[in-house]
Amino acid sequence: MSSVTCTAPVNIAVIKYWGKRDTQLILPTNDSLSVTLSQDILHSKTSISANKGYAQDRLWLNGIEEDITKNKRMHNCFRETRALRQRMEKEDPDLLPLSTYPLHVCSENNFPTAAGLASSASGLAALVFTLAKLFDLPTSMTDLSRIARQGSGSACRSLFGGFVAWEMGSEADGSDSRAVQIAPDTHWPELEALVCVVSDAKKGTSSTSGMQQTIESSPLMKERLRVVPGRMDAMKQAIKDKNFQTFAELTMRDSNQFHSVCLDTFPPIFYLNDTSRGIIQLIHEYNAANNGVYKAAYTYDAGPNAVIYATKENMKEIIELIGHYFPSSDEKKSTYFTDPYNVLEGK
Ligand code: PMV
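Here the structure is a predicted model, which means the values were calculated and not measured. (Residues numbered from 1 in each chain as written. Predicted model: local features only at pLDDT ≥ 70, side-chain atom pairs only at ≥ 80, totals over all residues.)

Draft legend 1. Structural view of the overall build of the protein chain. Within the protein chain, the secondary structure is distributed over 8 helices and 15 strands. Taking the intrachain contacts of the protein chain between residues at least 6 apart in sequence as the baseline, contacts between residues at least 24 apart amount to 74%. (Helix = DSSP H or I, 4+ residues; strand = E, 2+ residues; numbered from the N terminus. Contact = placed C-beta atoms within 7 Å.)

Encoded structure:
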């Protein structure tokens, strides 16, 4: 039996991916850009064992076995990595025929799953990376990102640390739709992220059906696709220059536009709740009190939980501010982490 365990970090997009032009290959309608967070605090940990004695492929997620018969995305990752391993086995008959062995996968998130905290990104990145290690694939991270993309779009960005773009590409087969690192984690060490768990409940509308509904019914989506390319260029420049003012404004505008598009679908999709909106208002008031020089930027994925980007010098004040205005008696909902981004060390 061969067995490997790896962890992968969460990434939080500052220019959001929302919409697929190809639902089978998971090809997006726009480029996106994210910051990979430190995996010390938020991560998915995945163990995979291959054994010819196993009856079939199986998955346990957070200790509970899942039915994977209809889990196409996971099978995409199995199929792609097994094909690469098979090629190696053909070239070297001494290799164990691991590509033919059934797999048992155990994956755990140390944070709420499917609550809009990018659990699918870290989960599928961990799956693909662990498969690559198990099969001893010589595949580059860029190539692995193309496979992870077929597990969950945003997962492709979790294979790199620091600041990562997912280039949408233009090829019909998806060969140029992959993640690239814009800057390493060491580039802007003053930048930190605060994750505010507003609710750990599973989201009502999955990203997959939310995206589908958006493409089918939001007129505003056209406008979003028009502005994102300019935002991508401006965001890359802001990161290069470590310009928090521009970084913050683009981050907040992009989050707001993503949630506006969700509201513009028919029927509308609500990912934010009253607490999320309260945090948005608080951050705007906090920035306004500093003469409009931004000290903090919020962003929300497909859920009510806030991620606040700020530089180290202001983070303590921001944690106190959030704690003051949003005290909570529920331990789970008052968990705030400071979370400097990091590379994929120890994977
Ligand atoms: O990777 P998915 O299918 O879970 O989609 C994630 C979409 C957002 O988190 C809302 C945005 C993003 O770019 O991560």
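Draft legend 2. Structural context of the site of the ligand. Surveying the vicinity of the ligand reveals 14 residues, the closest of which are A13, Y17, S154, S207 and D301. For the shell around the ligand, a count of residues per class yields 6 nonpolar, 6 polar and 2 charged. Each of domain 1 (2–183) and domain 2 (191–340) accounts for three or more of the residues forming the shell around the ligand. (Near = placed C-beta within 6 Å. Nonpolar A, V, L, I, M, F, W, Y, C, P; charged D, E, K, R; others polar. Domains from an automatic or database assignment.)

Draft legend 3. Molecular detail of the domain arrangement of the protein chain. Partitioning the protein chain into structural domains gives domain 1 (2–183) and domain 2 (191–340). Put simply, the middle of domain 1 and the middle of domain 2, counted by C-alpha atoms, are 25 Å apart. Every contact between the two is made by 25 residues of domain 1 and, on the other side, 36 residues of domain 2. Those elements giving two or more residues to the side of domain 1 that touches domain 2 turn out to be β2 (11–15), β5 (32–36) and β11 (178–183). The dominant element in the side of domain 1 that touches domain 2, judged by the number of residues it contributes, is β2, at 3 residues. The residue makeup of the side of domain 1 that touches domain 2, split by class, is 17 nonpolar, 5 polar and 3 charged.

Draft legend 4. Representation of the nonpolar core in the model. Ranked by size, the top nonpolar core spans 90 residues in total, and within it L33, A125, V128, F129, A148, A297 and I308 carry the most contacts. Each of domain 1 (2–183) and domain 2 (191–340) gives at least three residues to this core. (Core = buried A, V, L, I, M, F, W, Y, C linked by C-beta atoms within 7 Å. Buried ≥ 20, exposed ≤ 12 C-beta atoms within 10 Å, placed from the backbone.)

Draft legend 5. Molecular detail of the pairing of β2. The buried fraction of β2 is high, at 5 of 5 residues. By the bridge criterion, 4 bridges tie β2 to β5 in an arrangement that is antiparallel. Counted as the bridge partner of I12 is V35 from β5. (Pairing = 2+ DSSP bridges.)

Draft legend 6. Seen up close, the sheet that holds β5. Taken together, 4 strands build an open sheet; the order of strands is β2-β5-β10-β11 and the sheet is antiparallel. A strand with exactly one partner marks an edge of an open sheet, and here the two such strands are β2 and β11. If you compare each strand with its neighbour and ignore which way they point, the axes differ by 35° on average. (Axes fitted to C-alpha atoms, helices over the stretch in contact; angles between N-to-C directions.)

Draft legend 7. View of the sheet that holds strand β9 (residues 103–109). Pairing within the open sheet is mixed, and its 5 strands lie in the order β1-β6-β9-β7-β8. Every other strand in the sheet has two partners, leaving β1 (2–9) and β8 (64–66) as the edge strands with one partner each. The mean angle between the axes of side-by-side strands here comes to 20°, regardless of whether they run parallel or antiparallel. Sheet analysis places strand β6 (residues 43–50) next to β9, joined by 7 bridges and oriented antiparallel. Looking at the pairing, S49 lines up with H104 of β9. Packing against the sheet, helix α2 (residues 119–134) makes contact with β1, β6 and β9, and its axis sits at approximately 145° to β1.

Draft legend 8. Focus on the confidence of the model for the protein chain. Averaged over all residues, the pLDDT of the protein chain equals 91, while 92% of them reach at least 70. Contacts for the low-pLDDT stretch residues 331–347, under 50 throughout, to residues beyond four places or in other chains number 54 contacts. Two summary scores accompany this predicted model of the complex, namely pTM at 0.93 and ipTM at 0.99. (pLDDT = per-residue confidence, 0-100.)

Draft legend 9. View of the packing of helix α5 (residues 220–241) against helix α6 (residues 244–264). One way to put it is that α5 packs onto α6 with a least axis distance of 10 Å and a crossing angle of 160°. By the angle between their axes, α5 is roughly antiparallel relative to α6. The handedness of the crossing between α5 and α6 comes out as left-handed. Here L220, M221, R224, R231, A234, M235, A238 and I239 of α5 come into contact with α6, specifically with T246, F247, L250, D254, Q257, S260, V261 and D264. Residues belonging to the contact of α5 with α6 are distributed by class as follows: 9 nonpolar, 3 polar and 4 charged. (Parallel < 35°, antiparallel > 145°, perpendicular 65-115°, else oblique. Left-handed = near helix turned anticlockwise from the far one by under 90°.)

Draft legend 10. Here's a closer look at α2. For α2, with 16 residues, the first-to-last C-alpha span of 22 Å sits near the 22 Å given by 1.5 Å per residue. Within α2, 15 of the 16 residues are buried, which leaves the element mostly enclosed by the surrounding structure. With its phi angle positive at about 60°, D136 sits one or two positions after the end of α2. (Expected span 1.5 Å × (residues − 1).)

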